[in-house]
Amino acid sequence: MSSQSKATKDSPTRGYRVTGRAAHGRVARLFQTLLLHEEGATPTAADDDHTTKQQSRWIDTSPYATTSSDDKPEISFLWENAPRYETKSIRDTVQVYSHLPNGIHVLDDKWALARLMMIPSSHNCSGNHDEALATLESHCFRGSDGFRIFAQRVGLLSSNENDADNNNVNSEAQYQFEDLLQTTQQHHQLLPPPPPPKNLWVIKDAMSNGAGGIWIVDPFNAHEFTDNNNKDQQQQPMILHPLHRYIAQQYAWPPTLYKSRKCHVRVYGLITSDGRAYVHERAFLHVANEIFEYDSSSSNDGGATKEGNTDNKRRERFEPSVHITNCCANSHDEDKFSGEICVELDKPGPFSTSHSNGSSDVGVGSGNGDLPLGDYFPSIAASVAMLAEKSAAYVQGGQANNGFEYLGLDFVLSSVPDEGGEDSTRRKPVAYLLEVNAPPSQDTATGLTHAEELHDEVISDLLRLWVLPHLGIESSRSENGWKCVYSPPSLLKEETSIDVEEKPSNLIVPSKAAILNKIRWAMFEKKASKEYESSWHKEEVVGEENDRKSHKCESEKADSSFDADSFVSFARSQFPCFSASTITSLSSAETPESENIFLESGGGAQVPRVVVDAMSASLMNRDRSVVGAKYLSEARKSIASLLAGCHGDDEEVQDRDEEQAVILGANATSLLDILARMYVENELITRDDEIVIASENHLANVTPWIKAAESVGARIKWWTATKCQEQQSSGTEESSSVLCDLVTERTRIVAVSHASNILGRVRDISAVCSLVREVTMNKGHVVVDGVAAAPHLLSCGSQASWYVVSLHKLFGPHLGCLIGKRSIALQVANIECQLSNEKLCREYEMGTMNYEACAGAIALKEYFNELGIKAWRRSGDYEGVHCHSQTQTAQITSTQASGDQVVEGSSALSNSAHLSIARTCIVQVETRLLHSILGYLRKISRVRIIEDVGDMKVTLDGGCISNSSNERRIPIVTFVHELIPSSQIVEHCRNHGVICRACKFLATTKLWDEMNLNEYDGVVRFSFAHYNNISDIQRTIYVLEMLREWR
């Protein structure tokens, strides 16, 4: 036995993990093979003991490992196609990791790739990149509105026939496409390629993979992609999703063909944490099924050709099987599918002068050897080098875990005039980078032997080049298929071999590096967007921007001049959370706070700066008997003014806040518990009485009343959300989805939610109160849980007996608030009516109040008041300020051009009017968000939205009080997926900066049964607020689309 083998025998046990079934099937297998050959002798019958010991040094801890071990070794090597939540704790500490910090977000994103490589034709790149570099003009836009702007800029929507050339591409006597199977002699005898068609583009959905979401567009069919065209044909859905991101990429012309068909090369690349970039010498050629033809002669005929010929040409010209070369788009037709053709990038191709003249057809990778395409390697290498250089700032910081990004790069082959050659007709080969996958699939498309062997060689070489050296294992094989095509300037003077010396101790933790990289990328994205816009004529930009804005508020369905984007921007500016300089550990150690999409306001909203400052100031000047008492008194008035419509600061209102008792406490749950116990202690609920509870309630408004009923023997009735759960009277319980079936003269408590924190439907509290008051002859009391609704309605109404809120979900401090009618508060407390409101409230409150929270509550009203003032100033004159809690009929109208012209007149409106304006603006902003996310989720067949089905009514149609619940809903959306657990969806979202939750949200068991949710671990909840914008929705949709099996 060698000395090396003896040394390794006593080495500590080490572990490796490869997640994903396909990855494990190949990477783990190859890793095990290399370990066996590099760390010890090849196993033989006489060396079984040695072999066992060698294999036991490394333990496969992967989810798909075929063997198990009692040992739990430290993980040294981690490979995962996408970061998983369960590996988060070990990524920073492994010796080798298969990703760079933020690598997937930058390198596996079509939009990001376009931003990095974007070189518009009118603005040539003058950098130091290789002369072989070839790039395609690219544009980024969102939805059909963005397409319209792009199309108008490049002339796709031009109606002037003289704006485009009639190219007559189909004249075979004059032009000829290059073909990879031509011999060198045939190549030199080629006719020139056809001239490029005018305005031929490839549109790609940045949120799609494979062959989906790709369209070929020219002036002939461009109008099919605009809103106007699709609105005329209402039965046809829009081609472009209004919220998706798209890339328009110039069509690579002329395409170099393979057997007269379009093709592309799948190249394998590697970017390592030291900044180097590599390209592997072996690749695949993927070929379209149909012969390549593109007749541009009818592109601009205005539809004047004969009808039959025109329809045929349309179909032929945009046929996917002609233009799209992905295996997944062509493998369905076994007769035409070319399979996976192996390619050698280090061997000169048939177009090279070094290739022997007179040679016949080259091989196709399955019997005759790999197809030599070395002529294209310089261009491919230049693109990979440029990608590595431009992305370096946004994927840096992976040295601590020796990270790397394994890339699959798709290049379309073409040629350009060789301006430096002696022959003016000679052309040089180029390759245009289309897109990148990080990482590429470890599966083959065909399963054929030659394809499997190529995958094995590429990944084995990767393990030898990067993984084994950084695990301290020296490879015995010197040759390697990976060719270094880029080294950062800092390494150019050093040795080109990989440095595996001991790493410095001050290296940044990769997860923290990811945060900084995301910040850098956000800044770059903003800058790139501005530079892109500035590259177009200023007047054009202004005109196009106005056109875009005119379409932006269609989902609001409101005829007003209200600018939702400006309102949201101002609101966000008031919250420290959304400041670019604020970076905390709110959710994920990998996501900067400035980039988080916060969709968890239903669990606790963000807090405006004015509230934070007020609470901080109260802590700097503490005087319990004077300052503290004043805070408490003012907090009651502010909350009453904000929610109960009592405006003691208005001169025309005198002491109206005396009608309401504003009771404060630690939280809503404790206040409701106190309230229920006081009903029992003062015998307002007895054995013969009834309590009606809405099944959609949060448990905070359920458990206290069930306990109260049990303590005295009262009867419980359930107001259910669906008819299917209705049942006849059974023991002490009864259920119905129609409230008037349940309320009798013996009803003492009706506990309902203003809006459920699961279903989101706003209930008609006025109708509920009217029914209870009439049937019980004012003996029944309505207790409303307004915790979920208050942040969106800013009103508790005036008819409920009790209304409870939690200020921490209303953008304020942790403080519960119970608002009750004074007469009922006196009755429940069983005290004389001469008591002041302050002393009356103290009967319900326990211990010393949180005065700092009271200071924040006072400032909360100031925040909403400022929102109303800002909206009024921006919109000019404000009419219809009558915003009632149930109708919300106020509208913002503008009669002045500039908000600055009405600043001095803002005092003409009272504080109550400002709050009314704020309520109306919040409704419009949140309605827009709600329509966007619901519209998207309803199109995903595997998603079930948990929502009100319309069964829950106050009375039946034609009833005495009201015929149904309110049709409005708050911006809370819950859903489940038929394949993906809710917890997994939330983990994925949080890992990508979308903050949300999944659980049962303290819902009742009855609601869970009614919604048929018992098989799920919980529901995913997105809860929005007025500080969320459409970009948040777009980013959320993008993140969801990244989930495997989402669609």
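Predicted, not measured: the structure shown is a model, and the values here were computed from it.

**Student:** Describe the packing of aromatic side chains, with residues and values.
**Tutor:** The geometry of an aromatic ring pair is captured by two quantities: the separation of the ring centres and the angle between the planes. The full count for this structure, using the stated rule, is 36 aromatic pairs. Ring centres 6.2 Å apart and planes at 55° place the aromatic pair Tyr251 and Trp253 in the tilted group. As far as burial versus exposure is concerned, Tyr251 and Trp253 are alike and both buried. Their ring planes at 65° and their centres at 5.4 Å tell us that Phe975 and Phe1022 sit as a pair that is edge-to-face. Placement of the pair is Phe975 in strand 31 (residues 972-977) and Phe1022 in strand 34 (residues 1019-1023), with a sequence separation of 47 residues. Relative accessible area serves as the criterion here: at 0%, Phe975 is assigned to the buried category. For Phe1022, a relative accessible area of 0% translates into the label buried.

**Student:** If you had to explain the environment of Met777 to someone new, which residues and values would you point to?
**Tutor:** When you line up the elements, Met777 lands in the loop between helix 21 (765-776) and strand 25 (781-785). Relative accessible area serves as the criterion here: at 60%, Met777 is assigned to the exposed category. Along the chain, Met777 and Thr744 lie 33 residues apart, while their C-alpha atoms are 9.9 Å from each other.

**Student:** Describe the environment of Ile459, and please don't skip the residues or the numbers.
**Tutor:** Checked against the element boundaries, Ile459 lands in helix 13 (residues 449-470). Of the residues examined, Ile459 reaches a relative accessible area of 0% and is grouped as buried. Taking the C-alpha atoms as reference, Ile459 lies 9.1 Å from Phe31; in sequence the two are 428 residues apart. Residues within four places of Ile459 in sequence aside, it is in contact with Arg26, Val27, Leu30, Tyr406 and Gln442.

**Student:** Before we move on, could you go through the sheet that holds strand 31 and cite the residues and values that matter?
**Tutor:** Reading across from one edge, 30-31-34-33 is the order of the 4 strands in this open sheet, with antiparallel pairing throughout. Bordering the open sheet on either side are strand 30 (943-946) and strand 33 (997-999), each of which pairs with just one other strand. Shown here is a sheet whose adjacent strand axes are inclined to one another by a mean of 35°, direction ignored. Sheet topology note: the strand 30/strand 31 ladder contains 4 bridges and is antiparallel. In the strand pairing of strand 31, Ile946 is matched with Thr974.

**Student:** I'd like a description of the environment of Gly847, backed by residues and values.
**Tutor:** You can see Gly847 is positioned in the loop between helix 24 (837-842) and helix 25 (851-875). Sequence spacing of Gly847 and Gly665 is 182 residues, and the spatial spacing of their C-alpha atoms is 9.2 Å.

**Student:** Got a sec to walk through the pairing of strand 34? Specific residues and values, please.
**Tutor:** A large share of strand 34 lies buried, amounting to 5 of its 5 residues. Side chains of strand 34 alternate between two faces, with Val1019, Arg1021 and Ser1023 and Val1020 and Phe1022 buried alike. When strand 31 meets strand 34, the two strands line up antiparallel, connected through 4 bridges. Residue pairing for strand 34: Phe975 is matched across the bridge by Val1020. Two elements, strand 33 and strand 34, share 3 bridges in a ladder whose sense is antiparallel. Note on strand 34: the bridge partner recorded for Arg997 is Arg1021.

**Student:** Account for the pairing of strand 24 (residues 747-753), with residues named and values stated.
**Tutor:** The element strand 24 is largely enclosed, with a buried count of 7 among its 7 residues. Here strand 20 (residues 690-694) runs beside strand 24; their pairing, made up of 4 bridges, is parallel. Considered in strand 24, the bridge of Val692 is made with Val750. One ladder, built from 5 bridges, connects strand 24 with strand 25; its direction is parallel. Note that in strand 25 the partner of Ile749 across the bridge is His781.

**Student:** Please provide a residue-by-residue account of empty space enclosed by the protein, values included.
**Tutor:** The full count for this structure, using the stated rule, is 5 cavities of 30 Å³ or more. Along its surface, the largest cavity is lined by 19 residues, and Val202, Lys204, Lys262, His323 and Leu434 are the ones closest to its centre. When residues of the lining of the largest cavity are traced back to their parent elements, those giving at least two are strand 6 (201-205), strand 7 (214-217), strand 8 (245-250), strand 10 (261-272), strand 15 (404-417) and strand 16 (427-437). Residues of the lining of the largest cavity, tallied by class, amount to 9 nonpolar, 6 polar and 4 charged. The volume enclosed by the second largest cavity comes to roughly 150 Å³. Lining of the second largest cavity is provided by 15 residues; of these, Leu113, Ser138, Gln249, Leu433 and Leu434 occupy positions nearest its centre. Tallying contributions element by element places helix 5 (residues 110-117) first for the lining of the second largest cavity, with 4 residues. Residue classes in the lining of the second largest cavity are distributed as 8 nonpolar, 4 polar and 3 charged.

What counts as what
- Residues numbered from 1 in each chain as written.
- Predicted model: local features only at pLDDT ≥ 70, side-chain atom pairs only at ≥ 80, totals over all residues.
- Heavy atoms only, no water.
- Phe/Tyr/Trp six-rings, centres within 6.5 Å; stacked < 30°, edge-to-face > 60°.
- Buried < 20%, exposed > 50% of the residue type's maximum accessible area, 1.4 Å probe, protein only.
- Helix = DSSP H or I, 4+ residues; strand = E, 2+ residues; numbered from the N terminus.
- Contact = heavy atoms within 4.5 Å.
- Pairing = 2+ DSSP bridges.
- Axes fitted to C-alpha atoms, helices over the stretch in contact; angles between N-to-C directions.
- 1 Å grid on protein atoms, 1.4 Å probe; cavity = no way out; pocket = protein on both sides within 12 Å on 5 of 7 lines; lining within 4 Å.
- Points joined across faces, edges and corners; volume = space filled by probe spheres on them.
- Nonpolar A, V, L, I, M, F, W, Y, C, P; charged D, E, K, R; others polar.

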